[in-house]
Amino acid sequence: MTTELAHAPEWAAPEAESPLDAVVEVPGSKSLTNRYLVLAAIADTPGHIRGALASRDTVLMADALEALGARVERRGSDWAVEPIRLGRRAPFGAGPIEVECGLAGTVMRFVPPVAALLGRPVRFDGDPEARVRPMGPVLRALRDLGARVDDGPDGGRGTLPFTVTGPGVLQGGLVDVDASASSQFVSGLLLSAPRFAQGLVLRHTGPTLPSLPHIVMTVDVLRAAGVRVDDSRPHIWEVAPGPVAGRDVRVEPDLSNAAPFLAAALVAGGTVRVPGWPEATTQPGALLPDLLTRMGGRVERSADVLAVSGTGVVHGIDVDLREASELAPTIAALATLAHGPSRLRGIAHMRGHETDRLAALATEITRLGGQAEQTHDGLVITPRALHGGVWQTYRDHRMATAGALVGLRVSGVRVVDVDTTAKTLPGFTGMWARMLGVA
Ligand SMILES: O=C(O)C1=C[C@@H](OP(=O)(O)O)[C@@H](O)[C@H](O)C1
Ligand SMILES: C=C(OP(=O)(O)O)C(=O)O
């Protein structure tokens, strides 16, 4: 967990005064926008992304790909992509290209394999908090596949900053990756793999694998772009070398960003509706209807609208969230307001997210008088009467939305640096106020 911010502004989280009756339009998925961007940047023909999320993480991705030679023309949520002209030789002696990752896991894990396709050094760095996020397995894999990676003295730090220099044509082939710290290690390598001379056979070697739906999402978008992917063997993915089609795609709403709004209906009572809910999706938010039902909500779907209703009574839950750790801060906030105890399991890797989320949640819940203990792979939360106070967010967008959720019920919660939500959801406080009818 990184240090608390000394002088960051505090946002008085509004309490819910009455049951909700709201429609919340949620912008596009971060994970899909950034996958579509990477694939469009290495495609053979131009692409078009409609309903793109315009947030810090996706702007960083577009800027990173532009630095590598793509062009991303952004008009609102309509983004047109001219791919990188791969194979064109970089000017001799040209200095390194600089890529700024911010705190975006998708940028720091998905872009280095693209950089390895160029014959020119690309230097990656990011926020101070990003310099502790795990990268080692990606860097080792890129070396094994034929790129040069400089990440500091003594065999490398395995974190940002680092420099990737590709050989011009990356051979690819067989590589072993321990992805127990992040599924993004797998997704990043798979996304660029159709451009490796021999494609890629990636074997996951670690004891656990988080966020499998996000790997399924990667396979799905690759196939939709005409790439052959064999995922028939557990924990082995094989990507054939070949063309990548530039496509015209529409991004689904970000279901993980819908989570705090839908959860608000359980806390405040009433109903929250999210339009555009996909019929089928690879987003981990697909688990929300089940999770929110188990915690006391009533979930209904009519056409493309998902409606969640609540009574203000929240049930505790015992749940393995390894497939959907993005939802864990929302579930933890709900658990803090529940009638019975909760246990969240399978999420040890969240210690390497934007912040150590297990420590951050336990600290902030405890600060407001709640009881939350870390286990080896999650949290045990025992409801207690809470009081108002400061809720630190550690530059983590999902800590901020979790604080807002607690503040619906607990008077006087002050969320520090709420604008950190701009990582994936600019305008969060306005959306929250509109949902509450106080905008
Ligand atoms: O590939 C992706 O788009 C993501 C994968 C997951 O990462 P981890 O496997 O590191 O949890 C998820 O938590 C993150 O928000 C987005
Ligand atoms: C873990 C997350 O982000 P990132 O893509 O930076 O890993 C997240 O959004 O919950």
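Each value, and the rule that gives it
- Per chain, residues are indexed from 1 in the order of the written sequence.
- Here chains are named by letter from A upward and ligands by number from 1 upward, in the order in which they appear as written.
- This being a predicted model, a pLDDT of at least 70 is required before a residue's local features are given, and a value of 80 or more before pairs of side-chain atoms are given or counted; all residues contribute to the totals for chains, interfaces and linings.
- UniProt positions are given in the numbering used here, feature names are shortened, and annotations may be inferred rather than shown by experiment.
- Each helix corresponds to a stretch of at least 4 residues labelled H or I by DSSP, and each strand to a stretch of at least 2 residues labelled E; elements are numbered beginning at the N terminus.
- Here the globule rule reads 2.2 Å times residues to the power 0.38, and the radius of gyration is calculated from C-alpha atoms.
- Once C-beta atoms are placed from the backbone, each residue is buried if 20 or more other C-beta atoms lie within 10 Å of its own, exposed if 12 or fewer, and partly exposed for counts between those two.
- Working definition of a contact: two residues with C-beta atoms, positioned from the backbone, lying within 7 Å.
- Note on pairing: DSSP must find at least two bridges between two strands before they are called paired.
- In this analysis a residue is considered near a molecule or strand if the C-beta atom, reconstructed from its backbone, is found within 6 Å of that molecule or strand.
- Polar here means any residue other than Ala, Val, Leu, Ile, Met, Phe, Trp, Tyr, Cys and Pro, which are nonpolar, and Asp, Glu, Lys and Arg, which are charged; Gly is therefore polar.
- Annotation comment: domain bounds sourced from an automatic or database domain assignment.
- The axes are straight lines fitted to the C-alpha atoms, using for helices just the contacting stretch, and the angles between their N-to-C directions are given from 0 to 180°.
- An angle counts as roughly parallel when it lies under 35 degrees, as roughly antiparallel when it exceeds 145, as roughly perpendicular when it falls between 65 and 115, and as oblique in every other case.
- Crossings are sorted by hand: turned counterclockwise from the far helix by less than a right angle, the near helix makes the crossing left-handed, and turned clockwise it makes it right-handed.
- Given the number of residues in a helix, its expected span is that number minus one, multiplied by 1.5 Å.
- By definition, a nonpolar core groups buried Ala, Val, Leu, Ile, Met, Phe, Trp, Tyr and Cys residues that connect through C-beta atoms lying within 7 Å of each other.

The protein chain carries the name 3-phosphoshikimate 1-carboxyvinyltransferase in an unreviewed UniProt entry, which gives Actinotalea fermentans as its organism. Among the UniProt annotations of the protein chain, the heading Subcellular location (unreviewed entry) holds the following wording: "Cytoplasm". What UniProt records for the protein chain under Catalytic activity (unreviewed entry) is the sentence "3-phosphoshikimate + phosphoenolpyruvate = 5-O-(1-carboxyvinyl)-3-phosphoshikimate + phosphate".

Trainee: Before we go on, may I ask you to explain the overall build of the protein chain in this structure?
Mentor: Across its full length, the protein chain carries 12 helices and 23 strands. For the protein chain, whose C-alpha radius of gyration is 21 Å, the value lies close to the compact-globule estimate of 22 Å for 439 residues. Within the protein chain, the fraction of its 439 residues that count as buried is 53%. Intrachain contacts of the protein chain at a sequence separation of at least 6 include 74% that bridge at least 24 residues.

Trainee: Please explain the pairing of strand β20 (residues 371-375) as it appears in this structure.
Mentor: Within a regular beta strand, the side chains point alternately toward one face of the sheet and then the other, so they alternate between its two faces. Taken together, the five bridges between β20 and strand β21 (residues 378-382) define a ladder with antiparallel strand orientation. Bridged to Glu373 within β21 is Val380. Hairpin remark: β20 followed by β21, antiparallel, with two residues in the connecting loop.

Trainee: What am I meant to see in the site of ligand 2 here?
Mentor: Near ligand 2, the surroundings consist of Ala104, Gly105, Thr106, Glu326, His353, Glu354, Arg398 and Thr424. Taken together, the residues of the shell around ligand 2 sort by class into one nonpolar, four polar and three charged. The two domains that each donate at least three residues to the shell around ligand 2 are domain 1 (10-27 + 253-436) and domain 2 (30-250).

Trainee: Mind showing me how you'd approach the UniProt feature "active site" (unreviewed entry) in the protein chain here?
Mentor: Here the UniProt feature "active site" (unreviewed entry) sits at Glu326. When you line up the elements, Glu326 lands in the loop between β18 (318-320) and α9 (328-336). Not counting residues up to four positions away in its chain, the partners in contact with Glu326 are Ser256 and Pro284.

Trainee: Even after reading the chapter, I still don't get the domain arrangement of the protein chain, so can you show me in this structure?
Mentor: In many reports, interface size means the accessible area that the parts give up when they come together. Partitioning the protein chain into domains gives domain 1 (10-27 + 253-436) and domain 2 (30-250). If you average the C-alpha positions of domain 1 and of domain 2, the two centres end up 30 Å apart. Contact with domain 1, which involves 19 residues of that partner, is made by 22 residues of domain 2. Taken together, the residues that form the side of domain 1 that touches domain 2 break down as six nonpolar, seven polar and six charged.

Trainee: Mind showing me how you'd approach the packing of α9 against helix α11 (residues 397-409) here?
Mentor: In a pair of packed helices, the angle between the axes and the distance between the axes together describe the arrangement. In the contact formed by α9 and α11, the axes pass within 9 Å of each other and the chain directions differ by 25°. Looking at the two axes, α9 sits roughly parallel to α11. Handedness of the crossing formed by α9 with α11: right-handed. Contacts between α9 and α11 involve Pro329, Thr330, Ala332, Ala333, Leu334 and Thr336 on the former and, on the latter, Arg398, Met399, Thr401, Ala402, Leu405 and Val406. By residue class, the composition of the contact of α9 with α11 is eight nonpolar, three polar and one charged.

Trainee: Mind showing me how you'd approach helix α2 (residues 56-67) here?
Mentor: Given 3.6 residues per helical turn, the α-helix brings residues three or four places apart onto the same face. Taking 1.5 Å as the rise per residue, α2 with 12 residues should run 16 Å; its terminal C-alpha atoms sit 16 Å apart, in good agreement. For α2, the complete set of buried residues consists of Arg56, Asp57, Thr58, Leu60, Met61, Ala62, Ala64 and Leu65. Residues of α2 that are buried sit in contact with α1 (30-41), β4 (71-75), β6 (97-100) and α3 (105-115). Positive backbone phi, at 120°, marks Gly69, one or two positions downstream of α2.

Trainee: Please clarify how the site of ligand 1 should be interpreted in this entry.
Mentor: Lining the immediate surroundings of ligand 1 are 13 residues, of which Ser31, Ser182, Ser183, Ser211 and His214 lie closest. Put simply, the parts of the chain that give the shell around ligand 1 at least two residues each are α3 and α5 (184-192). The residue inventory of the shell around ligand 1, partitioned by class, reads one nonpolar, 11 polar and one charged. In this structure, the shell around ligand 1 is formed jointly by two domains, domain 1 (10-27 + 253-436) and domain 2 (30-250), each of which donates at least three residues.

Trainee: How should I be thinking about the pairing of β21 in this particular structure?
Mentor: Across three bridges, strand β19 (residues 342-345) lies against β21 in antiparallel orientation. Bridged to Leu344 within β21 is Leu379.

Trainee: Quick question: what am I supposed to make of the sheet that holds strand β1 (residues 10-12) here?
Mentor: Read from one edge to the other, the open sheet built from three strands follows the order β1-β23-β22, with strand pairing classed as mixed. What marks the edges here is a single partner per strand, and that holds for β1 and β22 (389-391). If you compare each strand with its neighbour and ignore which way they point, the axes differ by 35° on average. As defined by bridge partners, β1 adjoins strand β23 (residues 413-416) across three bridges and the pair is classed as antiparallel. Bridged to Trp11 within β23 is Val415. In the packing of α11 onto the sheet, contacts are made with β22 and β23, and the angle to β23 comes to roughly 170°.

Trainee: How should the sheet that holds β21 be read in this particular structure?
Mentor: Hydrogen bonds between backbone atoms are what pair the strands of a sheet, whose relative direction is either parallel or antiparallel. An order of β18-β19-β21-β20 is seen for the four strands of this open sheet, with the pairing classed as mixed. The sheet is open, and its two borders are formed by β18 and β20, each paired with just one other strand. Looking at each pair of strands side by side, their axes are set apart by 10° on average, direction ignored. Each of β20 and β21 touches helix α10 (residues 357-367); the most contacted strand, β20, lies at about 160° to it.

Trainee: Mind showing me how you'd approach the nonpolar core here?
Mentor: Generally speaking, soluble globular proteins have nonpolar side chains that are buried together. With 73 residues, the main nonpolar core has Leu37, Leu39, Ala41 and Leu190 as its most contacted residues. At seven residues, α1 tops the list of elements feeding residues into this core. With residues near it in sequence (within four places) discarded, Leu37 still touches Ile49, Met61, Ala62, Leu65, Val72 and Val81. Formed by 72 residues, the second largest nonpolar core is a distinct cluster that contains Ala16, Phe261, Ile317 and Val416.

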